[in-house]
Amino acid sequence: MAPRLDFSKMWATGAKKGGGTPVVVKMENPNFSVVEIDGPDSAFRPVEKNRGKNAKQASWVLLLKAQRLVSLIASLATLLWSLLGTINKRLIFRQGVAMENGKLGRARLLFTVIRVFLVTSIAILGFEVVAYFKGWHYFRNPSLHIPRTSDIQGLLHMVYVAWLRFRADYIAPPIQALSTFCVVLFMIQSADRMILSLGCLWIKYKKIKPTIDANSMKSDDLEKSDYEYPMVLVQIPMCNEKEVYEQSISAVCQIDWPKDRILIQVLDDSDDESIRWLIKSEVADWSQRGINIIYRHREIRTGYKAGNLKSAMSCDYVKDYEFVAIFDADFQPNPDFLKKTVPHFKGNPQVGLVQARWAFVNKDENLLTRLQNINLCFHFEVEQQVNGVFLNFFGFNGTAGVWRIKALEESGGWLERTTVEDMDIAVRAHLNGWKFIYLNDVQVLCEVPESYEAYRKQQHRWHSGPMQLFRLCLPAVITSKISAWKKANLILLFFLLRKLILPFYSFTLFCIILPLTMFVPEAELPSWVICYVPVFMSLLNVLPAPKSFPFIVPYLLFENTMSVTKFNAMVSGLFQLGSSYEWIVTKKAGRSSESDLLAAAERETKMINQLPIHRVGSESELSELNKLMEQKEVASPLPVKKANKIYRKELALAFLLLTASVRSLLAAQGVHFYFLLFQGVTFLLVGLDLIGEQIS
């Protein structure tokens, strides 16, 4: 029924002073409100937020909030249940997992030490829990009088008091001293990161970057250009790189450079015959299209990548070339790569290296690749760029760079003494006075490891090799003719602070000292060391990759988890343990973005249409090519049984940190508890290989 409108009283009521004619609307339906209008504009004035709400609306709001809360609790419960199920499946029943390959001898020392710490902490935790429920809270009040032995009733109480005295007199002082030492190292390293970040900010503010005269490079016709193109040698070292060899060779063969001024060497160290045939076939295919490309294979793989590059540089025809560009098997340079890098050598005879930046085609593949992207973006955007602008020196990244061959030869060439041959040649070239240029705006596509196993092996090589190199090159650095401040930068910053101190304090402070302070509360670790400074430094690391900001907390926890691998690698390299000489090729997935695949296909089609196939070979060469093509068609990958792995050191540390978090509850330390809890869960996830590629 429509409401009845009564206008009789409206006509009888006079207008209010200073206002309009009032209008009163009465409605019989109780669901409608009575609105009084004082003027023509009063209906459009803002209405109070709470006005007009009834009980039914409030009920719906409460139900909606309750539904959201229940959904959140259900999601957390599902996540916890899934984690427990995975722990039960992988850790107890060992389904679909394999144990980490343990090393014999001294390399297992770290795991043994962690296991001893774990067993001891569990025993102390049980002891502390008993003392807590019995009311022996002596650790809460240091000035509390501890009764004498004669006053003690009970053997357990006597043992507990003896433990308190021994802990305060003999255990706490060395832990506190080591903690203070690590905190000082932590602050020094944080200051170094801060200075690097400020330097990067200054570079962006002043728009500082290396420049060239690119007018002569704008001509589309390379042969008619006024620029004198130098002879460039391009090397692609690879070893059993079946997933990526084709796209890498294809990208390099499409580099925009005069065909008579470039030679491509495919340096294959593969020990798998079927992979060798595939690579040979790919090289022969591009050679038939008129590309100046050759295939080289070593029967004995001595010196790994350094030995491969050294063997290639010993060829007689290398003396005809002025520069050499190096690309690993998963790198895909753009056609204008040489046009953007080689001109920086012109007019700069002291420049020995031009390094380009890496870009990652699979950075969003999983959580592991996203966290790696944060680290590598900071490395290239901040570290490499700042060192290149202000010092003209940085570590060669081993790929996506162009060397002046004269600089390589004068620096001693490639040496096989370490697993970081790229850093080795960069340090020796720096000692010989050569300068480096870093190009942050020239990017080369590549991959980051998608599985934790591959990433872990890569990081072990990257952190053991620098310590090997430091031992070998320290005398040469001291006796070199470079300035004193360059020697100090090389020894104190490049090697000690960023290669040795960083993994040392990260592992010692957050994985050993922090849980120990929970069982020895006399040795305190301030909250700002655990929470505020690490979060701020993680924020600085994320700034070069702003889209990764939501992953700042996982990044902080994962970096502390990786400190175990980095510390172990640092020790093995520093003391020349057996694992420091291992070279394991990082596993590739062979991924390319859709736009890159389309662009590559378009360039390849254009090149095929423009370049005639050169059929100048003999019948025997053509028959060999046919055999290669047949081998490429029939070759199929051998089935390889893959499984996720269980990492014992990470699991042992997970249980140690979780045990320490339970102990922190007795002392009511909130920040310490949450940090230990989340860090322990992170170690558990990594130890069960739940981060990165999952193999079903």
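Because the structure is a prediction, the values reported are computed rather than measured.

(A) Quick look at the overall build of the protein chain. If you tally the helices and strands in the protein chain, you get 19 helices and eleven strands. By the burial criterion, 47% of the 696 residues in the protein chain qualify as buried. Of all intrachain contacts in the protein chain linking residues separated by at least 6 positions in sequence, the fraction that spans at least 24 positions is 81%. Carbon and sulfur atoms form 60% of the exposed surface of the protein chain, whose accessible area is close to 36400 Å².

(B) Structural detail: the pattern of salt bridges. Evaluation of the coordinates by the stated rule reveals 20 salt bridges. In this structure, the salt-bridge partner of Asp 256 is Lys 339, at a minimum N-O distance of 3.1 Å. Of the two residues, Asp 256 sits in the loop between helix H5 (245-253) and strand S5 (262-268) while Lys 339 sits in helix H8 (residues 337-341), which places them 83 residues apart along the sequence. The partly exposed category is assigned to Asp 256, whose relative accessible area is 29%. Accessibility expressed as a relative area gives 12% for Lys 339, which makes it buried. Between Glu 453 and Lys 457 there is a salt bridge whose closest N-O contact spans 3.1 Å. Here Glu 453 pairs with Lys 457, and both are found in helix H12 (residues 452-479), just four residues apart, close to one helical turn. Judged by relative accessible area, which is 24%, Glu 453 ranks as partly exposed. Salt bridges sharing common partners tie together Lys 204, Arg 357 and Glu 381.

(C) Structural context of the side chain of Gln 679. Among the structural elements, Gln 679 can be located in helix H19 (residues 670-687). Other than its neighbours up to four places away in sequence, Gln 679 contacts Leu 557, Asn 560, Thr 561 and Leu 657.

(D) Region of interest: the packing of helix H14 (residues 527-542) against H19. In the contact formed by H14 and H19, the axes pass within 9 Å of each other and the chain directions differ by 60°. When the interaxial angle is binned, H14 and H19 end up oblique. Of the two elements, H14 crosses H19, and the hand of that crossing is left-handed. Contacts from Ser 527, Ile 530 and Cys 531 in H14 reach Val 671, His 672 and Phe 675 in H19. When grouped by side-chain class, the residues that make up the contact of H14 with H19 number four nonpolar, two polar and no charged.

(E) Broad picture of the packing of aromatic side chains. Tallying each qualifying case throughout the model produces 24 aromatic pairs. Relative to Phe 380, the ring of Trp 358 lies with its centre 5.2 Å away and its plane at 45°, an arrangement referred to as tilted. Of this pair, Trp 358 sits in strand S8 (residues 351-360) while Phe 380 sits in helix H9 (residues 367-390), and the two are 22 residues apart along the sequence. For the pair Trp 358 and Phe 380, a shared accessibility class is recorded, and that class is buried. Three or more aromatic residues joined by ring pairs make a cluster, and in this case those are Phe 331, Trp 358, Phe 380, Phe 393, Phe 394, Phe 396, Trp 403, Phe 436, Tyr 438, Phe 470, Phe 494 and Phe 495. The ring of Trp 277 has Lys 280 sitting right over it, with the charged end atom 5.4 Å from the ring centre. Note that Arg 289 overlies the ring of Trp 286, its terminal NZ or CZ placed 4.3 Å from the centroid.

(F) Region of interest: the pairing of strand S10 (residues 435-446). With nine of its twelve residues buried, S10 lies for the most part within the structure. As paired strands, S8 and S10 are joined by nine bridges and run parallel to one another. Paired with Ala 356 across the bridge in S10 is Leu 439.

(G) Spatial organisation of the pairing of S5. Burial of S5 is extensive: seven of the seven residues sit out of reach of the surface. On S5, burial covers both faces: Ile 262, Ile 264, Val 266 and Asp 268 on one face and Leu 263, Gln 265 and Leu 267 on the other are all buried. Alignment of strand S4 (residues 232-238) against S5, held across seven bridges, turns out to be parallel. Each bridged residue has a counterpart across the sheet, and for Val 232 the counterpart in S5 is Ile 262. Crossover S4 to S5 through H5 is right-handed.

(H) Spotlight on a nonpolar patch on the surface. On the surface, Leu 69, Leu 72, Ile 73 and Leu 76 cluster together to form a nonpolar patch covering roughly 400 Å² of accessible area. One can find Leu 72 in helix H2 (residues 55-92).

(I) Spatial organisation of the nonpolar core. The biggest cluster of nonpolar side chains holds 87 residues, and the ones touching the most others in it are Ile 249, Leu 338, Trp 403 and Val 427. Here the element with the most residues in this core is S10; it accounts for seven residues. In this structure, Leu 338 is in contact with Val 232, Ile 255, Trp 257, Ile 262, Ala 325, Pro 343 and Val 402, ignoring residues within four places of it in sequence. Judged by nonpolar contacts, the second largest core, of 48 residues, contains Ile 124, Ala 172, Ile 513 and Leu 574.

(J) How the structure looks around the side chain of Thr 508. With respect to the secondary-structure elements, Thr 508 resides in helix H13 (residues 484-519). According to the relative accessible area criterion, Thr 508 is buried, its value standing at 8%. Polar contacts involving the side chain of Thr 508 include one to the main-chain carbonyl oxygen of Phe 504, which spans 2.7 Å. Once you skip the residues sitting within four places of it in the chain, Thr 508 turns out to touch Leu 178, Cys 182, Ile 513 and Phe 567.

The rules we used
Residues numbered from 1 in each chain as written. Predicted model: local features only at pLDDT ≥ 70, side-chain atom pairs only at ≥ 80, totals over all residues. Heavy atoms only, no water. Helix = DSSP H or I, 4+ residues; strand = E, 2+ residues; numbered from the N terminus. Buried < 20%, exposed > 50% of the residue type's maximum accessible area, 1.4 Å probe, protein only. Contact = heavy atoms within 4.5 Å. Areas by Shrake-Rupley, 256 points an atom, 1.4 Å probe, with all protein chains shown as cover. Salt bridge = Lys/Arg side-chain N within 4 Å of Asp/Glu carboxyl O. Axes fitted to C-alpha atoms, helices over the stretch in contact; angles between N-to-C directions. Parallel < 35°, antiparallel > 145°, perpendicular 65-115°, else oblique. Left-handed = near helix turned anticlockwise from the far one by under 90°. Nonpolar A, V, L, I, M, F, W, Y, C, P; charged D, E, K, R; others polar. Phe/Tyr/Trp six-rings, centres within 6.5 Å; stacked < 30°, edge-to-face > 60°. Lys NZ or Arg CZ within 6 Å of the ring centre and 35° of its normal. Pairing = 2+ DSSP bridges. Right-handed = clockwise from strand over helix to strand, strands pointing away. Patch = residues over 30% accessible without salt bridge, like charges linked within 9 Å, V, L, I, M, F, W, Y side chains within 5 Å. Core = buried A, V, L, I, M, F, W, Y, C linked by side-chain atoms within 4.5 Å. Polar contact = N/O pair within 3.5 Å; in protein donor to acceptor, adjacent residues only side chain to side chain.

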